[in-house]
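Coordinates in review
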Amino acid sequence: MTKEKLRTLLENSVNELYAISIEDASPQELFQALAQVVKYAYADDWRQTRQHLLAEQQKQAYYFSIEFLPGKMLKSNLLSLDLLTIAEDVLHELGVSLDEVAETEKDMALGNGGLGRLASCFMDSLASLALPGNGNGIRYKYGLFKQKFIDGHQVELPDDWLRSGNVWEVRKESKAVPIHFGGNVYLQENEAGKLKPVYEGGFTWRAVPYDTAMLGYQNQHLNTLRLWSVEVPSKEEAKYATLESRQALENLTAVLYPDDSNETGRRTRLMQEYFFVSAGIQSILRYYKKMNRPMDQMSEKIAIHINDTHPALCIPELMRLLVDEEEMAWEQAWATTLKVMSYTNHTIMAEALEKWPVNMIKEVLPRMYQIIEEIDRRFIAGLEKVHPCDLLNRTRIISDGQVHMANLAIIGSHSINGVAKLHSDLLKAVVLHDFYVIYPARFNNKTNGIAQRRWLQLANRPLTKVLDDTIGDSWHHEPEDLSLLKNYQDDASVLEAIAYAKKQNKVALADYIEAHCGLKVDPTAIFDVQIKRLHAYKRQLLNLMHILKLYFEAKANPEAEFHPRVFIFGAKAAPSYHYAKSIIKVINETAAMINHDPQIKDKIKVVFLENYNVSLAERIIPAADVSEQISLASKEASGTSNMKLMLNGAVTVATLDGANIEIRDAIGDENIAIFGLTEEEVYRYYAEKNYSAYSYYENDTTLQRVVNAFVDGTIPGIEMEGKEIFDSLIKYNDEYFLLRDFEAYCDAQNRIDIAYRDTQRWKKVSLMNIANAGKFTADKTVQQYAEDIWQIEPLFAHVKDPHTASLTENKS
Ligand code: 26V
């Protein structure tokens, strides 16, 4: 497409949408109009990808996830269509920047954090590898809450992202399916002597899909993200005439549940899980039937992935459809289900493992319950002679009046994976050890990865330019080619160019901070970043304790030498996670104290940016010098911000946890600041039960000064919160070993300070981080899922390189 053509299309689009001339269009109107042009540009390829798939009957994967976090899509879609620079030029001539236009798009924030963003990075990689892989989830009316700070406290506001419509989605009315809830079910023999379920009462709602194209990177391959929304069944308008009955229905897909151990409204969450699972499976079966193949060969054409346990009902739901509707024998249906399903575990935190009360499942999903009971009964019956009774009691699906969703997911899947080496090893050795004894061959590891195209090519244009000029642009297709940069580790001009790109990004972030927080920060300071959900195990509090230590030192000894630092936080706490919210409050009050202390000047600044989300991450990450990955060893399953920050040249301060270990292995000890307890040491403390936080406190005056600051009035305005934090450390023996790791952490931070002041060394370390970050591409991760678990192949399998292949293949 030429510039002139794009300009004409945009003019027409503005005219059609708003009946105004392009010069009069606001950035918001230009966004809508440009998005229409983008949709027009990919419509044929989207259709052709689908037609081609059906014609070739190629096997497809379906990624079932209760969360997706794509963020904004205008620029990424333009990039995928190779229209980014043309669009920039056209808008520039109109006197607006593409950024200004793109900024008006609402983030699609249908996820909490790492799990949802991973799903979206996988969608990018699947399409970019021309792999047939689709997403299946929920179209929440409200995304994750918007976070505001009032008086230092987190306040949650609704994220009404659909208010002015969503240009990218296509409502597929004709593909709606019914979803049944509640009532009674019993089995009755029909004329043919088959047992059939008879449903009494309950209610049937309608699931309507909204499809969004997932564009491959410059390869004309498009997959589909299908999100389901609840609606009144067509013939039952009268039944839902009252406001109350309609409200109850609409509640179902209204809100995304923030991840938290003690959810309220859990019944709705259970209904959500069944809703998108049943709708997705029904639509897959309808598609499969178009192929006219035997039902028991489904696994040759369909792979279904269960992203964490939230979609685990996929297993009984597929069984229901095969047995009840398709009249398949149980054994045959079970063999089919097992071959189709695979499952990823994303956390070892016991309190996050999903369980549902038996009574609730019985009431909301009576047929699901019967099927789960039968799966459980056969699981025990089949293994009784092989394994001891206590092992089976620990692994069975239904026990203590609860349905254990991880057990269901494992028993019904042929593959179970963790998301980083350490995590997968701990699953086998500890958390899921019993299952590992029963099904050793099912367990495998798939280390997480990220979309370099979004997190570098789009988010960090200055660095992208330097890389393209230095190593060429093959890394856009093959992120592992970033390793070519290693050849330039001693090239002063390249090192300088990378440092200059970082400086530009820091100036841009400093401007944003000034505009949003009214705080001036010095772009020559070290930008030290911790961005992730607020959880005790991630230890944002340890970061704060180090800040307090620096602060006290700077006050006591104004001559002490250290390079100025800006500590930047981005984090949302689940609304009912009291402790996490207290930490937010204490960080905010500490920030106010330090930022306004005239003695400190620009030496230390603390910035907690409101409403951390994908778009904010895209601003922060390119500007980061230091990446904080300081979870207690063994607790963070993988982490993915660690990979994004490294990719943008930040140097990591890390514990040996999650993917940090693989990052360390990739870049070597000299390029990362590792500290703290190892996973073995943590487990030894658990076994020996001999950790005493108090003894660390007692023997370290620096630590005392820092911990006391939470309760001795040092930090103004935090009475309750400070006490809660103090007690968690001292009275309740510091569950996440902050006091134990404090000294080692401060040492690591000191090493960072020394390294940063050695400018040449720092530049080289930063380059080595970028050069090694290609290993953590989601392309590679998804390739492994495709080969080892799903057995799917690129659409142009007969040609070597799907990227270039598709450009020629599909051009007809
Ligand atoms: C964790 C916890 C911890 C205790 C309190 C309740 C609670 C609720 C949810 C979760 C996290 C659930 C799953 C999750 O989001 N896991 C994240 O998945 C990422 C992608 O694999 C991974 O990088 C993160 O390490 C992991 O926390």
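Residues numbered from 1 in each chain as written. Predicted model: local features only at pLDDT ≥ 70, side-chain atom pairs only at ≥ 80, totals over all residues. Heavy atoms only, no water.

This brings us to the overall build of the protein chain. When you go through the protein chain residue by residue, the secondary structure sums to 32 helices and 25 strands. For 812 residues, the compact-globule estimate of 2.2 N^0.38 gives 28 Å, and the protein chain sits close to it at 27 Å. When its C-alpha atoms are laid out on the principal axes, the protein chain stretches across 90 × 70 × 55 Å. Here the protein chain holds 812 residues, and 61% of them are scored as buried. As presented, the protein chain carries roughly 31300 Å² of accessible surface, and 50% of it is formed by carbon and sulfur atoms. Within the protein chain, one finds 89 positive and 112 negative side-chain charges whose respective centroids are separated by 2 Å. (Helix = DSSP H or I, 4+ residues; strand = E, 2+ residues; numbered from the N terminus. Rg over C-alpha atoms; globule rule 2.2 N^0.38 Å. Buried < 20%, exposed > 50% of the residue type's maximum accessible area, 1.4 Å probe, protein only. Areas by Shrake-Rupley, 256 points an atom, 1.4 Å probe, with all protein chains shown as cover. Lys, Arg positive; Asp, Glu negative; His and termini not counted. Charge placed at Lys NZ, Arg CZ, Asp CG, Glu CD.)

This brings us to the site of the ligand. Around the ligand, 18 residues are found, and the nearest of them are H346, N448, E636, S638 and G639. Y537 is positioned such that a nitrogen or oxygen atom in its side chain is 3.3 Å from an oxygen atom of the ligand. S638 is positioned with one of its backbone polar atoms (N or O) 3.0 Å from an oxygen atom of the ligand. Relative to its free-state accessible area of 590 Å², the ligand is covered by the protein chains to the extent of 89%. A class-by-class count of the residues in the shell around the ligand yields seven nonpolar, seven polar and four charged. Both of domain 2 (61–69 + 108–446 + 785–804) and domain 3 (502–753) provide at least three residues apiece to the shell around the ligand. (Near = heavy atom within 4 Å. Polar contact = N/O pair within 3.5 Å; in protein donor to acceptor, adjacent residues only side chain to side chain. Nonpolar A, V, L, I, M, F, W, Y, C, P; charged D, E, K, R; others polar. Domains from an automatic or database assignment.)

Glancing now at unusual backbone geometry. In this model, A19 sits at a positive phi of 50°, which is unusual for a non-glycine residue. Within the secondary structure, A19 is located in the loop between α1 (3–18) and α2 (27–56). Assessed through its relative accessible area of 61%, A19 is described here as exposed. The phi dihedral of F737 falls on the positive side, at around 55°, and the residue is not glycine. Locating F737 in the fold gives a position in the loop between α28 (719–729) and α29 (738–757).

Within the structure shown, the criterion is met by 56 salt bridges. Salt-bridge contacts for D376 lead to R396; the nearest nitrogen and oxygen are separated by 3.0 Å. Of the two residues, D376 is situated in helix α12 (residues 366–383) and R396 in the loop between α13 (389–395) and β16 (398–399); the sequence distance between them amounts to 20 residues. The exposure class assigned to D376 is buried, which follows from its relative accessible area of 2%. Accessibility expressed as a relative area gives 24% for R396, which makes it partly exposed. For E589, the salt bridge is made with K585, and the minimal N-O distance between the two is 2.8 Å. Of this pair, E589 and K585 both sit in helix α21 (residues 578–595), separated by four residues, roughly a single helical turn. The burial state of E589 is the same as that of K585; both residues are buried. Here the salt bridges share partners, and the residues they tie into one network are R171, E173, R206 and E231. (Salt bridge = Lys/Arg side-chain N within 4 Å of Asp/Glu carboxyl O.)

So, about the domain arrangement of the protein chain. With domains assigned, the protein chain is organised as domain 1 (1–56 + 72–106), domain 2 (61–69 + 108–446 + 785–804) and domain 3 (502–753). Once you take the C-alpha centre of each, domain 1 and domain 3 turn out to be 41 Å apart.

On to the side chain of R226, then. Here R226 is to be found in strand β12 (residues 222–231). In terms of polar contacts, R226 uses its side chain to reach the side chain of D211, at 2.8 Å. Setting aside residues up to four positions removed in sequence, R226 forms contacts with G135, N136, G137, K172, K175, P209, Y210, D211 and S283. (Contact = heavy atoms within 4.5 Å.)

With respect to the element layout, P158 can be found in strand β6 (residues 153–159). Given the relative accessible area of 58%, P158 is considered exposed. Residues P158 and L144 lie 14 residues apart in sequence; the distance between their C-alpha atoms is 7.7 Å. Those residues in contact with P158 that lie beyond four places of it in its chain are Y142 and K146.

This paragraph deals with the packing of helix α9 (residues 314–325) against helix α10 (residues 330–340). Where α9 meets α10, the closest approach of the two axes is 9 Å, and the angle between their N-to-C directions is 140°. Classed by the angle they form, the pair α9 and α10 counts as oblique. Seen along the crossing, α9 lies across α10 with a hand that is right-handed. Counting all contacts with α9, which are made through I315, L318, M319, L322 and V323, the residues of α10 involved are W330, A333, W334, T336, T337 and V340. A class-by-class count of the residues in the contact of α9 with α10 yields nine nonpolar, two polar and no charged. (Axes fitted to C-alpha atoms, helices over the stretch in contact; angles between N-to-C directions. Parallel < 35°, antiparallel > 145°, perpendicular 65-115°, else oblique. Left-handed = near helix turned anticlockwise from the far one by under 90°.)

The next thing to look at is the pairing of strand β11 (residues 203–215). Among the 13 residues that make up β11, eleven are buried, leaving the element largely enclosed by the rest of the structure. Judged from the three bridges that link them, strand β7 (residues 169–171) and β11 form a sheet pairing that is antiparallel. Of the residues in β11, the one forming a bridge with V170 is D211. Two elements, strand β8 (residues 177–181) and β11, share five bridges in a ladder whose sense is antiparallel. Bridge pairing in β11 links I179 to W205. Here β11 runs beside β12; their pairing, made up of ten bridges, is antiparallel. Opposite Y210, over in β12, you have L227 as the bridge partner. Taking the residues between adjacent antiparallel strands as the criterion, β11 and β12 are bridged by six residues, where Q218 takes a positive phi near 45°. (Pairing = 2+ DSSP bridges.)

A word on the packing of aromatic side chains. Summed over all chains, the structure comprises 25 aromatic pairs. Consider the rings of Y551 and F552, whose centres lie 5.7 Å apart with planes at 50°: the pair is tilted. Judged by its relative accessible area of 13%, F552 falls in the buried class. Taking NZ or CZ as reference, K506 lies 5.0 Å from the ring centre of F527, over its face. (Phe/Tyr/Trp six-rings, centres within 6.5 Å; stacked < 30°, edge-to-face > 60°. Lys NZ or Arg CZ within 6 Å of the ring centre and 35° of its normal.)

To continue, consider helix α6 (residues 114–128). In this model, α6 (15 residues) spans 21 Å end to end at C-alpha, consistent with the 21 Å of a helix rising 1.5 Å per residue. In terms of burial, α6 is largely enclosed, as 14 of its 15 residues are buried. Taken from the residues just after α6, A130 is the one with a positive phi, measuring 55°. (Expected span 1.5 Å × (residues − 1).)

A few words now on the confidence of the model for the protein chain. Caution is warranted with low-pLDDT regions, since their predicted coordinates should not be read in detail. Summary statistics for the protein chain give a mean pLDDT of 95 and a share of 97% for residues scoring 70 or more. This model gives residues 797–812 a pLDDT under 50, and the stretch forms 25 contacts once residues within four places in sequence are excluded. (pLDDT = per-residue confidence, 0-100.)

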